[in-house]
Amino acid sequence: MVGDVERSESRFEELVRIAKNTKADQEPDFLDYLSNFAMLYESTGQFDKADPILRRLCKLYAKHFGEDDPELGTVLKRAGDNLAELGEFEDAESCYQQALNLARTVDEPSDLADALMRLGNVQAAMEKVEEADRHLEEGVNLIRDLCAEDEPYLAGALVSYADHLLHSDRVEEAKSMYTEALDIQRKRLGSAHPTTALSMIGLANALTNLQELAEAEQLYLEAQQVLRETVGEEDRDFAYLLAGLGELYLVLGREEEGESMLHRAREILGIEEHGID
């Protein structure tokens, strides 16, 4: 697999060099090659290498097709996603804001909803609470208008907003949204799906905050079984589950079990002394 990636990367780099020498890199068709080149890096987690290519793609799309072309919005969101992976949240926010402005201009409701959720999520990561709340709420409401009530896409949006609400100490509201999302996912994805398990964890976190501890433990244990059988016990999501369940056991006075789970979660995440966010 590594050899295949290296060979593909080498071919793409040679193509780019040839295109520059022949001025073909100024032609619209060259955008497809650049996009595929960036996708190679994105798919292999080489976000630092994808970054300059995606930035260049954004400029070239605007140059060749205009700043109101919907495809520019798609590239801006890709660039924003890549920047978020690099932890460059301010630049990611700028990309998402441009994509949002474009979606409002061209009146594309699905693109608008997508841009709202991405912008809200990165603003939540930046602790821009009011801005995140405004964009996530608008995004969720728009997705409700666009989707059926049992659409998994709606469930994903609800979870994103619920995560923000939970971290903003609006726990009852978060509980309601996690519950709605979990109901949709159990129905459409099944209870044994890893995405469903993540909603179980979110709801369990909210229930722990509300001191509804027995129900929280039941959800944690159900999610633990699902993740163990799907993503495995070395996955970061499994670590976050252990952290939540460990904190619950500390509250219940089951200190040995709780500390053991927290220790294991830190091992998976590569954390030594600090807490787990």
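Remember, predicted model here, so these are calculated numbers, not experimental data.

1. Considering the overall build of the protein
Phase 1 of the analysis: Along its length, the protein carries 13 helices and zero strands.
Phase 2 of the analysis: Counting from the amino terminus, helix and strand elements in the protein follow one another as α-α-α-α-α-α-α-α-α-α-α-α-α.
Phase 3 of the analysis: Among the 277 residues that make up the protein, the fraction classed as buried is 42%.
Phase 4 of the analysis: Intrachain contacts of the protein at a sequence separation of at least 6 include 53% that bridge at least 24 residues.

2. Notes on the side chain of K77
Phase 1 of the analysis: Tracing the chain through its elements places K77 in helix α4 (residues 70–85).
Phase 2 of the analysis: Non-local contacts of K77, meaning those with residues more than four positions away in its chain, are made with Y96, A99, D111, D114, A115 and R118.

3. A closer look at the packing of aromatic side chains
Phase 1 of the analysis: Tallied over the full model, the rule gives two aromatic pairs.
Phase 2 of the analysis: Plain terms: the ring middles of Y61 and F65 are 5.6 Å apart, the flat faces sit at 40° to each other, and that makes the pair tilted. Here Y61 pairs with F65, and both are found in helix α3 (residues 47–65), just four residues apart, close to one helical turn.
Phase 3 of the analysis: The class of F65 is partly exposed, set by a relative accessible area of 39%.
Phase 4 of the analysis: The lysine or arginine in question, R254, covers the ring of Y249, its NZ or CZ lying 3.9 Å from the ring centre.

4. Considering helix α9 (residues 171–188)
Phase 1 of the analysis: An ideal rise of 1.5 Å per residue puts 26 Å on 18 residues; α9 measures up with 25 Å between its terminal C-alpha atoms.
Phase 2 of the analysis: Looking at the buried side of α9, the elements it contacts are α8 (152–167), α10 (194–209) and α11 (213–230).
Phase 3 of the analysis: In the segment just after α9, G190 is the residue with positive phi, at about 95°.

5. Overview of the nonpolar core
Phase 1 of the analysis: L57, I143, L158, Y178, L219, Y220 and L242 are the most contacted members of the largest nonpolar core, which totals 80 residues.
Phase 2 of the analysis: Per-element accounting of this core gives the leading share, nine residues, to α8.
Phase 3 of the analysis: Once you skip the residues sitting within four places of it in the chain, Y220 turns out to touch I201, A204, N205, T208, L241, G244, L245 and L248.

6. Structural notes on α10
Phase 1 of the analysis: An ideal rise of 1.5 Å per residue puts 22 Å on 16 residues; α10 measures up with 23 Å between its terminal C-alpha atoms.
Phase 2 of the analysis: Within α10 the residues assigned to the buried category are T196, A197, S199, M200, I201, G202, L203, A204, A206, L207 and T208.
Phase 3 of the analysis: Buried residues along α10 sit against α8, α9, α11 and α12 (236–251).
Phase 4 of the analysis: Positioned one or two residues after α10, Q211 has a phi angle of 65°, which is positive.

7. What about the pattern of salt bridges?
Phase 1 of the analysis: In total, this model carries 20 salt bridges according to the counting rule given.
Phase 2 of the analysis: Measuring nitrogen to oxygen at the nearest pair gives 3.5 Å for the salt bridge that ties R55 to E88. With R55 in helix α3 and E88 in the loop between α4 and α5 (89–106), this pair connects stretches of sequence that are 33 residues apart.
Phase 3 of the analysis: The partner of R228 in a salt bridge is E233, and the shortest N-O contact between them spans 2.6 Å.
Phase 4 of the analysis: Salt bridges here are not isolated pairs; linked through shared partners, they connect K77, D81, D111, D114 and R118.

What counts and how
Residues numbered from 1 in each chain as written. Predicted model: local features only at pLDDT ≥ 70, side-chain atom pairs only at ≥ 80, totals over all residues. Heavy atoms only, no water. Helix = DSSP H or I, 4+ residues; strand = E, 2+ residues; numbered from the N terminus. Buried < 20%, exposed > 50% of the residue type's maximum accessible area, 1.4 Å probe, protein only. Contact = heavy atoms within 4.5 Å. Phe/Tyr/Trp six-rings, centres within 6.5 Å; stacked < 30°, edge-to-face > 60°. Lys NZ or Arg CZ within 6 Å of the ring centre and 35° of its normal. Expected span 1.5 Å × (residues − 1). Core = buried A, V, L, I, M, F, W, Y, C linked by side-chain atoms within 4.5 Å. Salt bridge = Lys/Arg side-chain N within 4 Å of Asp/Glu carboxyl O.

Such coordinate-based values are descriptive only and should not be taken to indicate function.
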